[in-house]
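Summary of the model geometry
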Amino acid sequence: MKNMAPKDTGMKDTRSSSNKPSTFGDSNLIPILREEDQSDFDWFKSYKDLAELLHELIPEEQSRILMLGCGNSKLSEDMWEDGYRNIVNTDYSGVLVEKMKQRHGQVRPEMEWHEMDVRDLKFGDGTFDVAIDKGKRPLPGLPGGFY
């Protein structure tokens, strides 16, 4: 199993507002781990595991879908391959958003990718038919259990 502990570089953590290094209770650690990993990553279930439920909940393939905290998950890609072509992906990690834009830009040009925090979305009311939040979970130490 890959060691997921942050490396001690002796440098100040510039992602945090404090001078303390990131810990597993620090939301800044999650994008660091996800950005460094070059493979696809799904926290919980794959599209294959969710497809039947998603077909039931989103019967219209032309539905406008908001994917919250997309990370480097294959969920959007697999949904696109299954016919859902109107997907807007968001993640608060600009590095991951850029990587995903590069990965999918040519093959899946209909997909949109935006660096955005789920707590401060910049879309108007009624923009989407459905929002998918497959892997957001509260992290210890964050006010109100925000992710």
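Preceding block: the structure.
As a starting point, this report considers the structure included with it. Owing to the predicted nature of the structure, the values given are computational and were not obtained by experimental measurement.

1. So, the environment of histidine 55
Examined against the element boundaries, histidine 55 turns out to sit in helix α2 (residues 47-57). Placed 27 residues apart in sequence, histidine 55 and aspartate 82 show a C-alpha to C-alpha distance of 9.9 Å. Ignoring sequence-local partners within four residues, the contact set of histidine 55 consists of Tyr47, Asp82 and Tyr84.

2. What about the pattern of salt bridges?
Note that side chains of opposite charge can pair when their charged atoms are close. Inspection of every chain in the model, using the stated rule, returns seven salt bridges. Salt bridges here are not isolated pairs; linked through shared partners, they connect Lys74, Glu77, Glu81 and Arg108.

3. A short note on the sheet that holds strand β1 (residues 65-67)
In space, the four strands of this open sheet follow the order β3-β2-β1-β4, with parallel pairing throughout. Edge positions in the open sheet fall to β3 (112-115) and β4 (130-132), since each of these has one partner strand only. Averaged over all pairs of adjacent strands, the angle between strand axes in this sheet comes to 20°, irrespective of strand direction. In this structure, β1 lies alongside β4, joined through three bridges in parallel fashion. Residue pairing for β4: leucine 66 is matched across the bridge by alanine 131. Relative to β3, helix α4 (residues 94-104) is tilted by about 165°, and along the sheet it contacts β2 (87-91) and β3.

4. A few points about the nonpolar core
Soluble globular proteins tend to pack their nonpolar side chains together in the buried interior. Core analysis: the biggest nonpolar cluster contains 18 residues, and Leu54, Leu75, Met79 and Ile132 have the highest contact counts within it. Only α2, β1, α3 (75-81) and α4 provide two or more residues apiece to this core. The element that contributes the greatest number of residues to this core is α2, accounting for four residues. Leave out the neighbours within four places in its chain, and isoleucine 132 touches Leu54, Ile58, Ile65, Leu66, Met67, Leu68, Leu75 and Met79.

5. Things to note about the side chain of histidine 104
Locating histidine 104 in the fold gives a position in helix α4. Excluding residues within four positions of it along the chain, histidine 104 makes contact with Glu77, Pro109 and Trp113.

6. Description of α2
Looking only at α2, the buried set comprises Tyr47, Leu50, Ala51 and Leu54. All buried residues of α2 fall inside an arc of 135° around its axis, so they share one side. Turned more than 90 degrees away from the buried face of α2, the exposed residues are Glu52 and Glu56. The elements touched by buried residues of α2 are α3 and β4.

7. Remarks on α4
Owing to its 3.6 residues per turn, the α-helix brings residues three or four apart onto one side. Those residues of α4 not exposed but buried are Gly94, Leu96, Val97, Met100 and His104. The buried residues of α4 occupy one face: seen down the axis, they fall within an arc of 160°.

Each value, and the rule that gives it
Residues numbered from 1 in each chain as written. Predicted model: local features only at pLDDT ≥ 70, side-chain atom pairs only at ≥ 80, totals over all residues. Heavy atoms only, no water. Helix = DSSP H or I, 4+ residues; strand = E, 2+ residues; numbered from the N terminus. Contact = heavy atoms within 4.5 Å. Salt bridge = Lys/Arg side-chain N within 4 Å of Asp/Glu carboxyl O. Pairing = 2+ DSSP bridges. Axes fitted to C-alpha atoms, helices over the stretch in contact; angles between N-to-C directions. Core = buried A, V, L, I, M, F, W, Y, C linked by side-chain atoms within 4.5 Å. Buried < 20%, exposed > 50% of the residue type's maximum accessible area, 1.4 Å probe, protein only. Arc of directions from axis to C-beta.

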